[in-house]
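A closer look at the structure
Letter by letter, the chains look like this.
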Amino acid sequence: MTPLIIALDNMNCSQALSVADTLDPLECRVKVGKELFTREGPEIVRQLQSRGFDVFLDLKFHDIPHTVAQAVLAAADLGVWMVNVHAQGGLAMMKHAADRLREGHYDTRLIAVTVLTSLSQEELNASGIPGSLEAHVRHLAGLTRDAGLDGVVCSAREAAMVRETAGKEFLKVTPGIRPAFAVSDDQHRIMTPVDALAAGSTHLVIGRPVTRSDNPMDAVRRISEEIAAG
């Protein structure tokens, strides 16, 4: 299956479905984030699933363990392919959610956000977290592995380090991916699709280079060709 996940961000239901209707669910998955889900609710997930798409519900849950577990189960009941929590919520929070998914025999993948790709080293330290950004990502990836989750969201620049820490099969879902024909926008820790996969990424989250293209499916195919050419 394709490693590409297209982020349907900064749009409403009509806009998201308009983009989705140009895409082939055999060639990419889609991501629904906070803005789209808050505007449109579970119905946007159902609409995308009815078109054949696997949906990554990117809501980054972070709360007390019981609340997060219940939210994760609600996402799983929607039939989403993948959902995420914040690793900063701690071992008990993550483990409780993972355990509840297993007990319910759900197929939904559960991953945790390490450090947002928009954060720089200086911003991380200014938020009260000492030490290097890389060391913090490594720590959170290890915590996520110990909690029994399927993987993490991290920068592609940290994918090799996460693979070292948590193993090859551990999912490394990497935003901040920019194909050769795109600009970097507002994310600092970016990488091309080819370099990201070589570094250990298992899934690539790509938004504006596809969704703002005049022909989104053509952009997806150009990215796939870029990957195939290696």
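Owing to the predicted nature of the structure, the values given are computational and were not obtained by experimental measurement. (Residues numbered from 1 in each chain as written. Predicted model: local features only at pLDDT ≥ 70, side-chain atom pairs only at ≥ 80, totals over all residues. Heavy atoms only, no water.)

Re the environment of Ser132
Tracing the backbone shows Ser132 in the loop between helix H6 (121-126) and helix H7 (133-146). For the pair Ser132 and Leu57, spaced 75 residues apart in the sequence, the C-alpha separation amounts to 29 Å. When neighbours within four sequence positions are excluded, Ser132 is seen to be in contact with Gln121 and Leu124. (Helix = DSSP H or I, 4+ residues; strand = E, 2+ residues; numbered from the N terminus. Contact = heavy atoms within 4.5 Å.)

Looking at the UniProt feature "active site" (unreviewed entry) in the protein chain
According to UniProt, the "active site" (unreviewed entry) feature falls on Asp58, Lys60 and Asp63. Within the secondary structure layout, Asp58 lies in strand S3 (residues 55-61). Overall, the relative accessible area of 7% leaves Asp58 in the buried class. A distance of 2.9 Å separates the side chain of Asp58 from the side chain of Lys31, its partner in a polar contact. (UniProt positions renumbered as here; feature names shortened; annotations may be inferred. Buried < 20%, exposed > 50% of the residue type's maximum accessible area, 1.4 Å probe, protein only. Polar contact = N/O pair within 3.5 Å; in protein donor to acceptor, adjacent residues only side chain to side chain.)

Here's the deal with helix H11 (residues 216-229)
Here H11 contains 14 residues, and its C-alpha end-to-end distance of 20 Å stays within 8% of the 20 Å for a straight helix at 1.5 Å per residue. Buried residues of H11: Pro216, Met217, Ala219, Val220, Ile223 and Glu226, and no others. Looking at the buried residues of H11, the elements they touch are strand S1 (4-7), helix H1 (13-20), helix H9 (193-199), strand S8 (203-206) and helix H10 (208-211). After H11 finishes, the residue Gly230 shows a positive phi value of roughly 65 degrees. (Expected span 1.5 Å × (residues − 1).)

Focus on the packing of helix H4 (residues 65-77) against helix H5 (residues 91-103)
Two numbers describe how H4 lies on H5: the axes approach to 8 Å, and their chain directions differ by 35 degrees. Classified by chirality, the crossing of H5 by H4 is right-handed. Judged by residue contacts, Pro65, His66, Val68, Ala69, Gln70, Val72, Leu73 and Ala76 of H4 engage Ala92, Met93, His96, Ala97, Arg100 and Leu101 from H5. Partitioning the contact of H4 with H5 into residue classes produces ten nonpolar, three polar and one charged. (Axes fitted to C-alpha atoms, helices over the stretch in contact; angles between N-to-C directions. Left-handed = near helix turned anticlockwise from the far one by under 90°. Nonpolar A, V, L, I, M, F, W, Y, C, P; charged D, E, K, R; others polar.)

Thoughts on the sheet that holds strand S4 (residues 82-86)
Pairing is parallel around the closed barrel formed by eight strands, whose spatial order is S1-S2-S3-S4-S5-S6-S7-S8. Across this sheet, the average inter-strand angle for adjacent strands is 25 degrees, counted without regard to direction. In the sheet, S3 pairs with S4 via three bridges, with the strands oriented parallel. Bridged to Leu57 within S4 is Val83. Running at roughly 155 degrees to S3, helix H3 (residues 42-50) makes contact with strand S2 (29-33) and S3 of the sheet. (Pairing = 2+ DSSP bridges.)

Looking at the packing of H7 against helix H8 (residues 159-166)
The contact between H7 and H8 brings their axes to 9 Å, and the two run at 40 degrees. Accordingly, the angle class assigned to the pair H7 and H8 is oblique. In this structure, H7 crosses over H8, and the sense of that crossing is right-handed. Contacts between H7 and H8 involve Glu134, Val137, Arg138, Ala141, Gly142 and Arg145 from the first element and Met161, Val162, Glu164, Thr165 and Ala166 from the second. Its residues assigned to classes, the contact of H7 with H8 comprises five nonpolar, two polar and four charged. (Parallel < 35°, antiparallel > 145°, perpendicular 65-115°, else oblique.)

So, the pattern of salt bridges
All told, the structure shown has 13 salt bridges when counted by the stated rule. For the salt bridge of Lys31 with Asp9, the shortest nitrogen-to-oxygen distance reads 3.3 Å. In this pair, Lys31 is assigned in strand S2 and Asp9 in the loop between S1 and H1, connecting sequence segments 22 residues apart. The residue Lys60 makes a salt bridge to Asp58 at a minimum N-O spacing of 3.0 Å. (Salt bridge = Lys/Arg side-chain N within 4 Å of Asp/Glu carboxyl O.)

Regarding the side chain of Thr165
In this structure, Thr165 sits in helix H8. On the accessibility criterion, Thr165 (17% relative accessible area) is buried. Within polar-contact distance, the side chain of Thr165 engages the side chain of Arg138 at 3.1 Å. If sequence neighbours within four positions are ignored, Thr165 has contacts with Arg138, Gly142 and Arg145.

With respect to the environment of Tyr106
Its place among the elements puts Tyr106 in the loop between H5 and strand S5 (109-113). Each C-alpha atom of the pair Tyr106 and Lys95 lies 15 Å from the other, and the pair is eleven residues apart in sequence. Not counting residues up to four positions away in its chain, the partners in contact with Tyr106 are Leu73, Ala76, Asp77 and Leu101.

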